[in-house]
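The lines below spell out each chain.
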Amino acid sequence: MNHVADRFEKHSPVPEGSSANVPTTDELRITTPPKVCGMGHRMKRKEDPRFIRGRGNYVDDVKLPGMLHMDIVRSPYAHAKILKIDASEALKIPGVLAVITGEDLKKAGNLHWMPTLMSDTQMVLPIDKVVYQAQEVCAIIATDRYIAADAIEKVVVDYEPLPVVVDPFEALKDNVIVRDDKELKTNHIWHWEAGDKEATDQVFKDAATVIEEKMHIPRIHVSSIETCGMVANYDTAMQHMQIYMTSQAPHAHRTVFALVSGLPEHKIQIISPDIGGGFGGKVPVYPGYVICAVASLVTGKPVKWVEDRSENLQADSFARDYHITCRLAADKDGKITGMQVKTLADHGAADAAANPSKFPAGLFSIATGSYDMKAAHIEVDAAYTNKPPGGVAYRCSFRVTEAVHMIERMTDVLAHQLGEDPAAFRMKNFIKPEQFPYKSPTGWDYDSGNYHAALQKAMDVIGYHDLRKEQAEKRARGELMGIGISSFTEVVGAGPSRDYDILGIKMFDSAEIRIHPTGKAIARFGTKSQGQGHETTYAQILAEELGLPAQDIQVEEGDTDTAPYGLGTYASRSTPTAGAAAAMAARKIRAKAKKIAAYLLEVNEDDLEWKVDRFEVKGAPDQHKTIQDIAFAAYTNHPPGMEAGLEATDYYDPPNLTFPFGSYICVVDIDKGTGEVKVRRFVAVDDCGNIINPMVVEGQIHGGLTMGLAPALFEEIVYDENGQNLSGTFSDYLLPTAMETPKWETDRTITPSPHHPIGAKGVGESPTVGAPPAIANAVVDALWHLGVRHIDIPITPQKVWKLLRAKGVND
Amino acid sequence: MIPATFDYHAPSTLDEALQLLARHGDAAKLLAGGHSLIPAMRFRLAQPEILIDLNKLDGLRYVREEGNVLAIGAMTPEAWLEESAVVQQRYPLLADAVSVIADPLVRNRGTVGGNLAHADPANDQPAVMLAYGATIVAQGPGGRRNIAIDDFFVNLFESSLQPGEIMLDIRVPAPGASSGGAYVKMERKVGDYATSAVAVQLTMNGPTISAARVALTNVNPVPMRSPGAEAALVGKAATEEAFEAAGKAAAAECDPSSDLRGSADYKRDVTRVLAKRAIRRAVARAQGRS
């Protein structure tokens, strides 16, 4: 899979209208009354009554008659030969039915290896060697979860430890080969680049100022409240496999299962029930899923597998781990002119990321961010190491977190070096509102934006200039206070079928609406909420378009037997894709409804106009038919020659991605004694286009900001030189609690997407993407006068303390 | 994260508990709040055959003044101290500490006795009780006995409680006039063990510090006092120079290990800084300034 992707040469022209200069406002667009509760209403979430009463239904709540339980033996070594697996003592325990090894899976049809979503391969269970600590070695099937746990303790595995390579730079020397199953004996996986190298080199030659920084975006873990799990239920009589699975993409997973297992796709039903957080971690297929499904196939009984917290934290879904060298060029006026990036991506033992196929480094090439520059050239190389598979898109819109951290840190370094205020420097370098639609130097077509308005609003809300005065006064007294800005551009809503697919399946998404005779409705989608609130927001889109009260619309997702095919929910894509499909399907229904209304009112269709929830005869509003009247007629009195019923399906292929943005400003105080950083204030101004439900958006932003605070100050997965995970429990993998979290102050501007049917953009990942550099910039801002230019996240107290003492600051 | 098999007993009297402990010996572990034991069992680091749950022993849950002593039942949840007016008014060092032990959920179940009996230098109560010079009362087959806190901590996870003994209460001498105490803790996040923490209890005689006990959390294999820090304070005027000298002595005497909380050097320096802050606050309290 050693390839160079040059997607930008292949990039076909963007359809007309997919980007535009769109005016910005602060005002929510509300066109429906509260009874209908269309877009803009702060409707309480329809899913919450069951969640707050503990009535959700998660995979671990599924209990089937005769269900067996699976537990997994995991490797204590990061790299070792397997000499022998002896499960004889385990099998003596009453209730232990079977052990499943790599050899068993091989005999079952070469199921000991599986493809990853990135066309790499990954072991399901090993035969020869393990390549990371906590790797699955074999599985026990027992009648009881507790017996299974006792049994794995009794499995004796003889290992012969092998040399371990943990550092990706060391890995590229190929002294230790992680994947000797491959033909090419190298740890180098692929090289990828974007942008124009020659033009960029020229810009750097002409530059008045060039800066360079090295930074590491550390390996982190999604740590959703619910771990991963499955109940596989194979019916030997019907030859039907029913699977309950913690899946963000049930349809795609069904297709992958069909291709890997050879079971016919119509005999596989995947149900993704309530999901307790996904964040990208429930997109990949983990070995445990495959073993669990095989266990059910073999036993003909339902088998449950649910990871415990340690397994989840040590073996699943690692993200980031980019080692970046970035250079920025500026002209004599302090205008950014170019960017050069070289990155080494640590993918662990397999490239098991879940990016669109043509984008091995995700959408990292969005790295020029909110700034208008002439040229950019970005290179990424990926390496195998003896760590669990990494590169999963953790609430990052496919590597946009890494890109934004880099450009926002670099922008601050350049502003400081030039002696300019970081806010004024950004204002000077932003892409201007009148430049939209904007073509970026790496080939992106920004749909709409107004970066000046968002930053100005953030500055006004936080009182930026007063804070700078306060900072100067404090600095004179020897106190350390910093102000950090992040003005990010996101890119979400993958994506247009010409460029975006996963294993060949195009990244459209879908909606299917059926309106019942009494005017109530069911709507099903190809996406899958994991906390995003789809049951509410999709209903609001339909309410907006059809005038049906949102409360009257049942939203369903996650069952592949009933929902239309879709690629699932991740990378902030649901509103840009399935949300658009909802509006488009609703418009098909409205077109039919108009014909029915014309028939009922005995007028020409052209004489009708749509008002909130009804068609009125123009100039005679008392002559009307509500959507409910029309729905009833669709089943009882539909026009001759017309099909009965009122339903529609839409598979939406977006013409472009959406480009949400925002400006965040953060104030920190630093303890000179301990090096602790305290976030005193944090103002987040987000622009995600038209807003479906402001409360849901604010909730997304609050959660995302906390998930941005986490890697900035707390979270990092740390390995020792033997590849042992030192942060494999929540005592050392530091999820911030309410106590560490500042009071988030949120605000908004609204610059609609010109191409999205309802003008919306995705928002779920904006705060995770935007927050870390605001915090890092604030800390460096507090220390710049001491000669500090950069600190890698997480900015731990010890790192700050070390710098302070080195610079002669003490307490 | 599923514990190995064990038998469970929940005696309703102290006698019953003592008898169970005598019968099962080393195979048994006492369960108080369980915040150290249960995680260890879930990781199978501890695999006791018998659990003796003391939570039904309501007679071991109290906070009360008995003459010149604050008596705390061994099974008293930390949260009770947080809510106790006596503690808040007269035992500021203890009040400081119980508001930063882990988080409110842990404090609702975690007990003062368990926090001490586990003899974990990362726990907060050992340093607090060392600074107060408290006395532990225990009962076993040989009867009831008092153990001075200075004799209580023997080794990592090892106290001087003998096999078959159960801790009954903790007796904290009431601070005299012109006394003040403080507990200053640094933690990476709420619920984490201290990176370092310092407990100080001292008495002033005019401008001079006449008595001082300084104890440290999680910077030594065994919960420890810092004699050097105490010597740097006693008989000295309460000045920043004295505080700095005490902080430096504490930093020199402790023996932290390097881990993800920080290097040994870092922890020593943080101990110095926190010691100064704790002493400063204790002096202010002794002088009635806060």
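Residues numbered from 1 in each chain as written. Chains lettered and ligands numbered in written order. Predicted model: local features only at pLDDT ≥ 70, side-chain atom pairs only at ≥ 80, totals over all residues.

Draft legend 1. Inspection of the overall build of chain B at higher detail. Across its full length, chain B holds 11 helices and 14 strands. For chain B, the proportion of its 290 residues judged to be buried stands at 51%. Counting contacts in chain B only where the partners sit at least 6 residues apart, residues at least 24 apart contribute 63% of the total. (Helix = DSSP H or I, 4+ residues; strand = E, 2+ residues; numbered from the N terminus. Buried ≥ 20, exposed ≤ 12 C-beta atoms within 10 Å, placed from the backbone. Contact = placed C-beta atoms within 7 Å.)

Draft legend 2. Quick look at the overall build of chain A. Across its full length, chain A holds 20 helices and 32 strands. Computed over the C-alpha atoms, the radius of gyration of chain A is 27 Å, within 12% of the 28 Å expected from 2.2 N^0.38 for a compact globule of 811 residues. Principal-axis analysis of the C-alpha atoms places the extent of chain A at approximately 85 × 75 × 50 Å. When the 811 residues of chain A are sorted by exposure, 58% land in the buried category. In chain A, 81% of the contacts between residues at least 6 apart in sequence involve partners at least 24 apart. (Rg over C-alpha atoms; globule rule 2.2 N^0.38 Å.)

Draft legend 3. Spatial organisation of the interface of chain B and chain A. Residue-level contacts link 15 residues of chain B with 23 residues of chain A. Looking at the side of chain B that touches chain A residue by residue, the classes come out as nine nonpolar, three polar and three charged. (Nonpolar A, V, L, I, M, F, W, Y, C, P; charged D, E, K, R; others polar.)

Draft legend 4. Seen up close, the environment of Ala494 of chain A. Residues and elements named next belong to chain A. The topology assignment puts Ala494 in the loop between β20 (480–489) and β21 (501–502). When the C-alpha atoms of Ala494 and Ala583 are compared, they prove to be 18 Å apart, with 89 residues separating the residues in sequence. If sequence neighbours within four positions are ignored, Ala494 has contacts with Pro356, Tyr500, Met507, Ala571, Arg573 and Leu657.

Draft legend 5. Representation of the domain arrangement of chain A. Residue and element names in this part refer to chain A. Taken as a whole, chain A is organised into domain 1 (31–46 + 509–652), domain 2 (62–162 + 225–277 + 283–315) and domain 3 (399–494 + 656–806). The straight-line distance from the C-alpha centre of domain 1 to that of domain 2 is 41 Å. Facing 14 residues of domain 1, the contacting portion of domain 2 comprises 15 residues. Partitioning the side of domain 1 that touches domain 2 into residue classes produces three nonpolar, eight polar and three charged. (Domains from an automatic or database assignment.)

Draft legend 6. Expanded view of unusual backbone geometry. The linkage connecting Phe436 of chain A with the following residue, Pro437 of chain A, adopts the cis geometry, with an omega of 0°. Assignment of secondary structure puts Pro437 of chain A in the loop between α12 (422–429) and β18 (438–439). Backbone torsion omega between Ile793 of chain A and Pro794 of chain A reads -5°, so that peptide bond is classified as cis. Of note, Ala102 of chain B is a non-glycine position whose phi angle comes to about 45°, a positive value. Among the secondary structure elements, Ala102 of chain B is positioned in the loop between α5 (92–98) and α6 (104–109). Of the residues examined, Ala102 of chain B has 20 C-beta atoms within 10 Å and is grouped as buried. Despite not being glycine, Asn218 of chain B shows a phi value in the positive range, around 65°.

Draft legend 7. Highlighting the pairing of strand β6 (residues 135–140) of chain B. Residues and elements named next belong to chain B. Examined bridge by bridge, β6 and strand β7 (residues 143–148) share six bridges and lie antiparallel to one another. Looking at β7, one finds that Ala138 is bridged to Arg145. Adjacent in sequence and paired antiparallel, β6 and β7 are bridged by two residues. Inspection of the sheet shows β6 paired to strand β10 (residues 166–173) by five bridges, in the antiparallel sense. Looking at the pairing, Gln139 lines up with Ile166 of β10. (Pairing = 2+ DSSP bridges.)

Draft legend 8. Helix α8 (residues 250–261) of chain A, seen in detail. Residues and elements named next belong to chain A. Look at α8: 16 Å from first C-alpha to last across 12 residues, which is about the 16 Å you get at 1.5 Å a residue. If you check which residues of α8 are buried, you get Pro250, His251, Ala252, His253, Arg254, Thr255, Val256 and Phe257. The inward-facing, buried residues of α8 contact β12 (240–245), β13 (268–271), α9 (287–299), β21 and β22 (505–506). Trailing α8 by a residue or two, Gly262 shows a phi angle of about 85°, which is positive. (Expected span 1.5 Å × (residues − 1).)

Draft legend 9. The arrangement of the sheet that holds strand β15 (residues 318–330) of chain A in detail. Residue and element names in this part refer to chain A. Across the sheet, which stays open at both edges, the five strands sit in the order β9-β17-β16-β15-β10 with mixed pairing between neighbours. Of all the strands in the sheet, the pair left with one neighbour each is β9 (188–195) and β10 (209–221). Each neighbouring strand pair of the sheet contributes to a mean axis angle of 10°, computed without reference to strand direction. Across the face of the sheet, helix α11 (residues 400–417) comes into contact with β10, β15 and β16 (336–346) while running at roughly 145° to β10. (Axes fitted to C-alpha atoms, helices over the stretch in contact; angles between N-to-C directions.)

Draft legend 10. Focus on the packing of helix α15 (residues 534–546) of chain A against helix α16 (residues 574–601) of chain A. Residues and elements named next belong to chain A. Across the interface, α15 lies against α16 with an axial gap of 9 Å and an inter-helix angle of 35°. For the pair α15 and α16, the crossing hand works out as right-handed. Each of His534, Tyr538, Ile541, Leu542, Glu545 and Leu546 in α15 lies in contact with α16, whose residues at this interface are Ser574, Gly579, Ala582, Ala583, Ala586, Arg587, Ile589 and Arg590. Among the residues making up the contact of α15 with α16, the classes are represented as eight nonpolar, three polar and three charged. (Left-handed = near helix turned anticlockwise from the far one by under 90°.)

Draft legend 11. Highlighting the sheet that holds strand β11 (residues 179–187) of chain B. All names here are of chain B. Pairing within the open sheet is antiparallel, and its four strands lie in the order β11-β12-β13-β14. Every interior strand has two partners, whereas the edge strands, β11 and β14 (224–225), have only one. By the bridge criterion, nine bridges tie strand β12 (residues 194–205) to strand β13 (residues 208–217) in an arrangement that is antiparallel. Each bridged residue has a counterpart across the sheet, and for Asn205 the counterpart in β13 is Thr208.

Draft legend 12. Quick peek at the nonpolar core. Ranked by size, the top nonpolar core spans 338 residues in total, and within it Leu542, Ile775 and Val779 of chain A together with Ala199 of chain B carry the most contacts. Sort the elements by how many residues they give to this core and α16 of chain A lands first, with 11 residues. Contact partners of Leu542 of chain A, with chain neighbours within four places excluded, come to Ile513, Ala523, Leu548, Ile553, Ala582 and Ala586 of chain A. (Core = buried A, V, L, I, M, F, W, Y, C linked by C-beta atoms within 7 Å.)

Draft legend 13. Focus on the confidence of the model for chain A. Confidence in the prediction for chain A averages 96 pLDDT; 98% of positions are at 70 or higher. Every residue in residues 1–11 of chain A is under pLDDT 50, and counting partners more than four places away or in other chains gives 18 contacts. (pLDDT = per-residue confidence, 0-100.)

Draft legend 14. Focus on the pairing of β12 of chain A. Residue and element names in this part refer to chain A. Alignment of strand β11 (residues 229–235) against β12, held across six bridges, turns out to be antiparallel. Looking across to β12, one finds that Asp235 is bridged to His240. Linking two consecutive strands that pair antiparallel, namely β11 and β12, is a turn of four residues; a positive phi of about 50° is found at Gln239 within it. In this view, the connection linking β12 to its parallel neighbour β13 by way of α8 has right-handed handedness. (Right-handed = clockwise from strand over helix to strand, strands pointing away.)

Draft legend 15. Highlighting the domain arrangement of chain B. Segmentation of chain B into domains returns domain 1 (7–53), domain 2 (58–173) and domain 3 (179–286). The centre of domain 1 of chain B, based on its C-alpha atoms, is set 35 Å off from the matching centre of domain 3 of chain B.

Draft legend 16. Representation of the confidence of the model for chain B within the structure. Residues of chain B with pLDDT of at least 70 account for 100%, and the chain-wide mean is 97. Scored by ipTM, the complex comes to 0.97, with pTM at 0.97.

Draft legend 17. Local environment of helix α5 (residues 145–154) of chain A. Restricting attention to buried positions, one finds in α5 of chain A the residues Ile147, Ala148, Asp150, Ala151 and Ile152 of chain A. Looking at the buried side of α5 of chain A, the elements it contacts are β1 (68–74), α3 (88–91), β3 (96–100) and β7 (136–142) of chain A.

Draft legend 18. Seen up close, the environment of Gly334 of chain A. Residues and elements named next belong to chain A. Along the chain, Gly334 turns up in the loop between β15 and β16. The sequence separation of Gly334 and Val392 amounts to 58 residues, and the corresponding C-alpha distance is 36 Å. Those residues in contact with Gly334 that lie beyond four places of it in its chain are Leu418, Glu420, Phe425 and Lys428.

Draft legend 19. Highlighting the packing of α12 of chain A against helix α13 (residues 451–462) of chain A. Residue and element names in this part refer to chain A. The interhelical angle for the contact between α12 and α13, taken along N-to-C directions, is 165°, at an axis separation of 10 Å. Compared by their axis directions, α12 and α13 come out roughly antiparallel. As α12 packs across α13, the resulting crossing turns out to be left-handed. Packed against α12, whose contacting residues are Ala423, Arg426 and Met427, the element α13 presents His452, Leu455 and Met459 at the interface. Looking at the contact of α12 with α13 residue by residue, the class counts come to four nonpolar, one polar and one charged. (Parallel < 35°, antiparallel > 145°, perpendicular 65-115°, else oblique.)

Draft legend 20. Here's a closer look at the environment of Pro48 of chain B. All names here are of chain B. Tracing the backbone through its elements, the reader meets Pro48 in the loop between α2 (37–42) and β3 (50–53). With 20 residues separating them along the chain, Pro48 and Ala28 place their C-alpha atoms 5.8 Å apart. Not counting residues within four places of it along the chain, the set of residues in contact with Pro48 comprises Phe6, Ala27, Ala28 and Lys29.

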